Amino acid sequence: MARNKFDVDEELESPFSFIHLKRLLVYIKPYKKKILFTIFIMLIASAANLIGPYLIKQAIDVKIPGKDVKGLGGLAGIYVISLIITGVCLKYKIRMMTEIGQSVIQNIRKDLFTHLQKLSFSFYDSRPHGKILVRVVNYVNSLSDLLSNGLINLITDLFSLFVILGFMFSIDVKLTLLSMVGFPILAIVIFLIKNAQRRAWQTLSNKQSNMNAYIHESINGIKVTQAFTREDENKRIFREVSESYRTSWMKAVKIQFLLWPSIENLSVFTVSFIYIMGISSIGHGVTVGALIAFVGYIGMFWMPLTNIGNFYNAIINATAYLERIFEMIDEKPTVIGDPNAAELPTIQGKVEFKNVLFGYEGDEKVLDNINFSVNPGETIALVGATGSGKTTIVSLISRFYNINSGKIEIDGVDIKTVTIPSLRKQMGVMLQDPFIFSGTIMDNIRYGRLDASDKEVIEAAKAVQAHQFITGMKDGYQTEVNERGTRLSTGQRQLISFARALLADPKILILDEATSSIDTETELALQRGLETLLEGRTSFIIAHRLSTIQNATRILVIDKGRIIEEGSHTELMRRKSFYWKLHKSQHQSLDVG
Ligand SMILES: Nc1ncnc2c1ncn2[C@@H]1O[C@H](COP(=O)(O)OP(=O)(O)OP(=O)(O)O)[C@@H](O)[C@H]1O
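Given the structure is predicted, the values throughout are model-derived calculations rather than measurements. (Residues numbered from 1 in each chain as written. Predicted model: local features only at pLDDT ≥ 70, side-chain atom pairs only at ≥ 80, totals over all residues.)

**Q** Where do I start with the UniProt feature "transmembrane region" (unreviewed entry) in the chain in this structure?
**A** In the UniProt entry, the feature "transmembrane region" (unreviewed entry) is given for residues 35–56, 71–90, 151–169, 175–193, 257–276 and 282–303. Structurally, residues 35–56 is divided into 100% helix and 0% strand, and its ends, taken at the C-alpha atoms, are 33 Å apart. (UniProt positions renumbered as here; feature names shortened; annotations may be inferred. Helix = DSSP H or I, 4+ residues; strand = E, 2+ residues; numbered from the N terminus.)

Structure representation (structure tokens):
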């Protein structure tokens, strides 16, 4: 997938299709009964509402000339009752539709979130996270109006339209036919603006996404921004992104508002036309009461038409969001278990890389023919220059990415043939950038094994030398930390994630720069305990500080995606090549320091 950034519009890979609306219906279907009942209630409301002009006609043409005060009072009573029925029904509709609309939105959002949890690293690598966020939050919210009012209103408006036409025909056939002269004009307007409107809303959704991505990136990078006093430059970029959003908004709304005034103008034109035609016909088969009632119905007749026009607008706008939402739901996780995948049985911890070739994008080669075999319980250290491919190698063991060719086996089983959860559950991974979730320290350590007791959590923390600093905090293990652990030092965050990886009691432990930010004293204490911690586990340790890996069973030296040296510390030192040079340079710099 092509990479995207905040100032690049996301192109849709498939053309627009009304199929998205059909897919939306799948979400609406579970509420069918409730919707049908609400429609029934709304039909009662429409009927009650529509009776008004007919009552006026009866009053003017029959009751007033006949001086029938009692009859007039009766009509007034019916009118009041019709108003009460309309009011009660409307209140019911609003409550039901808000409830149904919000439930549908909640279900779409739940599906999106569940799907996001399954998507592979490559998906998250390829786009700004703000653009993912905007789909789950803003785009889904944008459907609210359509879902809360759209469907029910459409059906009741169509019903009103037919009932009104029925009343109008019963009053005067010729005037009814004349009042329809505006229809073809309306059809032409709708046809002309449809595509432009859709494009405008697609652009708008893109600009909204870009703006969100930039805000998200700016918040994440706020410390660097302030450290480098980049605020003014960021303000300038934001102004550009936001101006682009404003312009596309104005354009979209301008096109959208072409429809509504067209309907309004046609309505006014038709009513005036009918007045002229009607007045000239009074006495020739048209009574005053009939004309007043007729004009009343025309006013009512254009109202559902305006609503239907607005519904149409809402559909066009919503599809611009729906296609983005469904595009994400359709995004296939690139790392998926084979349909016939078996569970990986409890492992011993043998790991083999056989001719592994890998690149993050296309044909690019990040790992070039990697071969190694690790026996259960061995500690393997990976060293090498920045960007040489160490993290990439260890992320392939958990199958965070698919390899281009070759094989990775655990206990002789190709990891491609087993289910992903059964594979990952047996690994304890501590990533280079330890992530802390909002919650207590206890919750954070327990993240990898929810059934661990408090005692087990504390044991894990003690093992990695984290217990002391945790108990030193005001609330100890119950101390609340913020997302990304902003209340903790980098070293403290590393210790917590180390404890988290260990608590999962994995057969394979992966430690990527696990102790790089920990003070020497704590690290030495940790080192002393490390042998016990790693006992019986196969472990992969990535470290730039070579002092931390001297006791490893084997050291793999990585350079430009290839293993260039392999052996124990003593063996490699004896060979006096790359590792020896690296070791020497670190010692020299320490001595100088
Ligand atoms: N998500 C990614 N998408 C594309 N390329 C990547 C990605 N992650 C790493 N790379 C590239 O792959 C190469 C190897 O990166 P890797 O992170 O494995 O290096 P490393 O040896 O762990 O480096 P360091 O010591 O700095 O952590 C680098 O050239 C890097 O630019």
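**Q** In this structure, what is going on with the sheet that holds strand E12 (residues 562–567)? I would like to understand it.
**A** Pairing between sheet strands relies on hydrogen bonds along the backbone, with the strands arranged either parallel or antiparallel. In spatial order, the strands read E6-E9-E10-E3-E11-E12; together these 6 strands make up an open sheet with mixed pairing. In this open sheet, the two strands that pair with only one neighbour each are strand E6 (427–430) and E12. Geometrically, the sheet is characterised by an average inter-axis angle of 15° between neighbouring strands, direction not taken into account. Sitting on the sheet, helix H12 (residues 390–397) is in contact with strand E3 (379–384), E6, strand E9 (508–512), strand E10 (538–542) and strand E11 (554–559), with an inclination near 155° to E9. Helix H17 (residues 490–503) rests against E6 and E9 of the sheet, and its axis sits at about 175° to E6. (Pairing = 2+ DSSP bridges. Axes fitted to C-alpha atoms, helices over the stretch in contact; angles between N-to-C directions. Contact = placed C-beta atoms within 7 Å.)

**Q** Would you mind going over the pairing of E11 with me for this structure?
**A** The side chains of a regular strand alternate between the sheet's two faces. Strand direction decides the pairing type here: E3 and E11, joined by 5 bridges, are parallel. If you follow Leu 382 over to E11, its bridge partner there is Leu 556. Across 5 bridges, the pairing between E11 and E12 is antiparallel. Paired with Asp 559 across the strands is Arg 562, a residue of E12. What sits between E11 and E12 in their antiparallel hairpin is a turn of 2 residues, with Lys 560 showing a positive phi close to 45°.

**Q** Please clarify how the sheet that holds strand E4 (residues 405–410) should be interpreted in this entry.
**A** Reading across from one edge, E2-E1-E4-E5 is the order of the 4 strands in this open sheet, with antiparallel pairing throughout. A strand with exactly one partner marks an edge of an open sheet, and here the two such strands are strand E2 (367–374) and strand E5 (413–414). Sheet topology places E4 next to E5; 2 bridges connect them, and they run antiparallel. Bridged to Ile 410 within E5 is Val 413. The strands that H12 touches are strand E1 (351–358), E2 and E4; relative to E1, the one it contacts most, it runs at about 120°.

**Q** Is there a simple way to explain the packing of helix H1 (residues 19–28) against helix H11 (residues 288–330) in this structure?
**A** A pair of packed helices is captured by two measures, namely the crossing angle of their axes and the spacing between those axes. Two elements in contact, H1 and H11, have axes whose closest approach is 9 Å; the angle formed by their N-to-C orientations is 75°. Considered as vectors, H1 and H11 are oriented roughly perpendicular to each other. Of the residues in H11, those in contact with His 20, Leu 21, Arg 23 and Leu 24 of H1 are Ile 315, Thr 319, Leu 322, Glu 323 and Phe 326. Tallied by class, residues from the contact of H1 with H11 come to 5 nonpolar, 2 polar and 2 charged. (Parallel < 35°, antiparallel > 145°, perpendicular 65-115°, else oblique. Nonpolar A, V, L, I, M, F, W, Y, C, P; charged D, E, K, R; others polar.)

**Q** Mind showing me how you'd approach unusual backbone geometry here?
**A** With glycine set apart, most residues show a phi of negative sign, and most peptide bonds adopt trans. Its identity as a non-glycine residue notwithstanding, Asn 355 has a phi of 45°, on the positive side. Structurally, Asn 355 is set in strand E1. A residue is classified by how many C-beta atoms lie within 10 Å of it, and Asn 355, with 12 of them, is exposed. Backbone geometry places Arg 399, a non-glycine residue, at a positive phi of 55°. For Arg 399, a count of 20 C-beta atoms within 10 Å translates into the label buried. (Buried ≥ 20, exposed ≤ 12 C-beta atoms within 10 Å, placed from the backbone.)

**Q** Would you take a moment to explain the site of the ligand for this structure?
**A** Near the ligand the following residues occur: Asp 125, Tyr 360, Val 366, Gly 384, Thr 386, Gly 387, Ser 388, Gly 389, Lys 390, Thr 391, Thr 392 and Gln 432. Tallying contributions element by element places H12 first for the shell around the ligand, with 3 residues. Looking at side-chain class alone, the shell around the ligand contains 2 nonpolar, 8 polar and 2 charged residues. (Near = placed C-beta within 6 Å.)

**Q** When you look at the nonpolar core in this model, what are you seeing that I'm missing?
**A** In terms of nonpolar packing, the biggest core is built from 66 residues, with Leu 382, Ala 461, Val 464, Ala 499 and Ile 510 touching the most fellow members. Looking at this core, the element that brings in the most residues is H17, giving 7 residues. Both domains that furnish three or more residues to this core are identified here as domain 2 (349–426 + 508–519 + 535–593) and domain 3 (434–505). Leave out the neighbours within four places in its chain, and Val 464 touches Leu 495, Phe 498, Ala 499, Leu 502 and Leu 526. (Core = buried A, V, L, I, M, F, W, Y, C linked by C-beta atoms within 7 Å. Domains from an automatic or database assignment.)

**Q** Got a minute to help me understand the packing of helix H8 (residues 183–220) against H11 in this structure?
**A** Viewed as axis vectors pointing N to C, H8 and H11 meet at an angle of 40°, and their least axial separation amounts to 9 Å. In terms of their interaxial angle, H8 and H11 are classed as oblique. The two elements H8 and H11 meet at a crossing, and its hand is right-handed. Every residue of H11 that contacts H8 at Ile 190, Lys 194, Gln 197, Arg 198, Trp 201, Gln 202 and Ser 205 is listed here: Tyr 312, Ile 316, Asn 317, Thr 319, Ala 320, Tyr 321 and Arg 324. In terms of residue class, the contact of H8 with H11 is made up of 6 nonpolar, 5 polar and 3 charged. (Left-handed = near helix turned anticlockwise from the far one by under 90°.)

**Q** When you look at H17 in this model, what are you seeing that I'm missing?
**A** Given 3.6 residues per turn, any residue in an α-helix points the same way as the ones three and four places further on. For H17, spanning 14 residues, the distance from its first C-alpha to its last is 20 Å, which sits close to the expected 20 Å at 1.5 Å a residue. For H17, the buried fraction is high: 12 of the 14 residues fall into the buried class. Taken together, the buried positions of H17 are occupied by Gln 492, Arg 493, Gln 494, Leu 495, Ile 496, Ser 497, Phe 498, Ala 499, Arg 500, Ala 501, Leu 502 and Leu 503. Taken from the residues just after H17, Asp 505 is the one with a positive phi, measuring 50°. (Expected span 1.5 Å × (residues − 1).)

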